[in-house]
Amino acid sequence: MRMAKGVEWALHTLLNLDMIGGGPVGSGQLAEAHGLPAPYLIKQLQQLVRAGLLTSVPGPRGGFRLARPLGEITLLDVVEAIEGDAYLFHCTEIRCCGKIGELSPPPDGPCPVKTAMRRAEQAYYDALAAQTLADVKAELDRTPMAGQVIRSAFT
C-alpha cells in the first residue's frame, strides 16, 4: 500500500499553519516553504477545505488557516480528505472463478481473504484515528529549533 505524496504535504501544511499561528497564509507561501509545486499543493488545500480541516479566506490578504485545533484533527481525517474513504482491498471473488470455481461448491459465507484484509484495514484505520495532529506536533516540538525554523520560513 502506498499513500499519495499529497498526504505528506497536507500533514506538514496543517502542522506549519499551527506553528506559525494566526493566518491566513497564501498557497504560494505554503508551497515555497517546502519547495512544493504550488498548483499541486492547491489541490490538497482545496481537499482539506472540503473536509473541514482548513478554511479558505478570499482576497488579496487571503489564504488558508486551520478550521479546527490540531487536537481535533486525526491522521485519519487527513488521509481521508486526500485519499478518500474507500476500502484499500477490493475482493473480486476469484475463489468462484476458473477451474477452482467450476470444481467448488458455491461459497456459503464471506471470503476468508476479504475478511482477513478488512480486519487488517480496520486496525490501520483505528491507528490513524487514534493519533491527532497535536500528538504529532508534540513530537515535532521535541526537535530542537523546529518551531523557530518553521516560523522563520514564513516571515
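Residues numbered from 1 in each chain as written. Predicted model: local features only at pLDDT ≥ 70, side-chain atom pairs only at ≥ 80, totals over all residues. Heavy atoms only, no water.

A. Seen up close, the overall build of the protein chain. Along the backbone of the protein chain there are eight helices and two strands. Tracing the protein chain from N to C terminus, the helices and strands come up as α-α-α-β-β-α-α-α-α-α. Its C-alpha atoms give the protein chain a radius of gyration of 21 Å, more than 25% over the compact-globule value 15 Å for 155 residues. Along the three orthogonal principal directions, the C-alpha set of the protein chain runs to about 70 × 30 × 25 Å. A total of 155 residues make up the protein chain; the buried ones form 29% of that total. Taking as baseline every contact in the protein chain between residues at least 6 positions apart, the subset at least 24 positions apart corresponds to 69%. (Helix = DSSP H or I, 4+ residues; strand = E, 2+ residues; numbered from the N terminus. Rg over C-alpha atoms; globule rule 2.2 N^0.38 Å. Buried < 20%, exposed > 50% of the residue type's maximum accessible area, 1.4 Å probe, protein only. Contact = heavy atoms within 4.5 Å.)

B. Just helix 2 (residues 27-34), in detail. Residues S27, L30 and A31 constitute the buried set of helix 2. Burial along helix 2 is one-sided: seen end-on, the buried residues are contained in an arc of 95°. Elements in contact with the buried residues of helix 2: helix 1 (5-20), helix 3 (38-50) and strand 2 (63-66). In the segment just after helix 2, G35 is the residue with positive phi, at about 65°. (Arc of directions from axis to C-beta.)

C. View of the pattern of salt bridges. Counted according to the given criterion, the structure contains four salt bridges. Close ionic contact of E93 with R95 constitutes a salt bridge, the shortest N to O distance being 2.6 Å. For E93, a relative accessible area of 27% corresponds to the partly exposed category. Judged by relative accessible area, which is 26%, R95 ranks as partly exposed. When the shortest N-O distance is used, the salt bridge between K137 and D141 registers 3.2 Å. Of the two residues, K137 and D141 both sit in helix 7 (residues 133-141), four residues apart, roughly one turn of that helix. The class of D141 is partly exposed, set by a relative accessible area of 45%. Through salt bridges with shared partners, a single ionic network connects D18, K137 and D141. (Salt bridge = Lys/Arg side-chain N within 4 Å of Asp/Glu carboxyl O.)

D. A look at the packing of aromatic side chains. For the coordinates displayed, the defined rule picks out one aromatic pair. With centroids separated by 5.3 Å and ring planes inclined at 55°, the aromatic side chains of Y124 and Y125 adopt a geometry described as tilted. Here Y125 falls in the buried class, since its relative accessible area comes to 14%. Of note, R118 hangs over the ring of Y87, and the distance from its end group to the ring centre comes to 3.5 Å. (Phe/Tyr/Trp six-rings, centres within 6.5 Å; stacked < 30°, edge-to-face > 60°. Lys NZ or Arg CZ within 6 Å of the ring centre and 35° of its normal.)

E. Spatial organisation of unusual backbone geometry. For E93, which is not glycine, the phi dihedral falls at a positive 55°. In this structure, E93 sits in the loop between helix 4 (75-83) and helix 5 (98-103).

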